[in-house]
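Here is what each chain is made of, one letter per residue.
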Amino acid sequence: FNSSNRFAVVRVTAGSLYVEDCSLAVVGSSKLDFVALQVDDPSSQSGQKTAGGTRLLVSRSSIRGASLTGFLCQTASVDAVVRDSLFITRDAPVVQFDQAASTDESDERRLLVAFSTLSSRSRAVVFSTRNADQFIHTDVKFLNSLVAAEPGAADTKVQAYNFRLI
């Protein structure tokens, strides 16, 4: 647990994570915000930046829960792929990119969602920016995927990001 009342089921701070043929579910209700897969900035733990960023692959897996964020990125450099998977959340976004400290112009966050379904009664994809001076290039691609959210759930602005449907 941390000070923001957010609990990560799986938390990665450096390296690579491969999730295949798994099911992560949160049932019941709680005052905590749950996150299935959270990628944090390694420098927040060690004070040093690691080369190459974090890599994440989710394949043939399901993530579901009432107040469960499927994937939370809190780092400046990540390469993530979700393929043949199902993410269903209710009151939380399926994917959330939070602002991360970055001093390196080569930092990039990439997410490819292929042959998957993402569904939320809240928002499907959220970009949080607190400081426009520290813009991190974020590339989100959807390939043969279904993304659904409640109509009018949010007025998220994504024009500063590379957001493509393939």
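Structure shown above.
Here the residue index of a chain counts from 1 through its sequence in written order. Totals for whole chains, interfaces and linings use every residue, but because this is a predicted model, local features are given only for residues with pLDDT of at least 70 and side-chain atom pairs only at 80 or more, for both listing and counting. The basis for the side-chain values is all heavy atoms of the structure; hydrogens and waters are excluded.

1. With respect to the side chain of Thr-69
Going along the chain from the N terminus, every DSSP run of H or I of four or more residues is numbered as a helix, and every run of E of two or more is numbered as a strand. Mapped onto the secondary structure, Thr-69 falls in strand 7 (residues 68-74). Type-normalised accessible area, obtained with a 1.4 Å probe on protein chains alone, sets the label of each residue: buried when under 20%, exposed when over 50%, and partly exposed for intermediate values. Residue classification places Thr-69 among the buried residues on the basis of a relative accessible area of 8%. Contacts between residues were defined by any pair of non-hydrogen atoms, one from each residue, lying within 4.5 Å. Beyond its immediate chain neighbours, meaning those up to four positions away, Thr-69 contacts Phe-34, Val-35, Ala-36, Ala-92, Pro-93, Val-94 and Gln-96.

2. Observations concerning the sheet that holds strand 15 (residues 146-149)
Between any two strands, pairing holds if DSSP finds at least two bridges. Across the sheet, 5 strands lie side by side as 3-6-9-12-15; this open sheet has parallel pairing. On the outer flanks of this sheet lie strand 3 (23-26) and strand 15, each paired with one strand and no other. Taking each pair of neighbouring strands and ignoring which way they run, the sheet shows an average axis angle of 5°. In terms of strand pairing, strand 3 meets strand 6 (residues 62-65) through 4 bridges, oriented parallel. Following the sheet pairing, Ser-23 is matched in strand 6 by Ser-62. Helix axes are fitted to C-alpha atoms over the stretch in contact, other axes to C-alpha atoms as well, and angles between N-to-C directions run from 0 to 180 degrees.

3. Considering the sheet that holds strand 1 (residues 6-12)
An order of 1-4-7-10-13 is seen for the 5 strands of this open sheet, with the pairing classed as parallel. Lying at the two open borders of the sheet, with one neighbouring strand each, are strand 1 and strand 13 (125-127). Strand-to-strand twist of the sheet, defined as the mean angle between neighbouring strand axes without regard to direction, takes the value 25°. Of the pairings in the sheet, the one linking strand 10 (residues 95-97) to strand 13 comprises 3 bridges and is parallel in character. Within strand 13, the position partnered with Phe-97 by the bridge is Phe-127.

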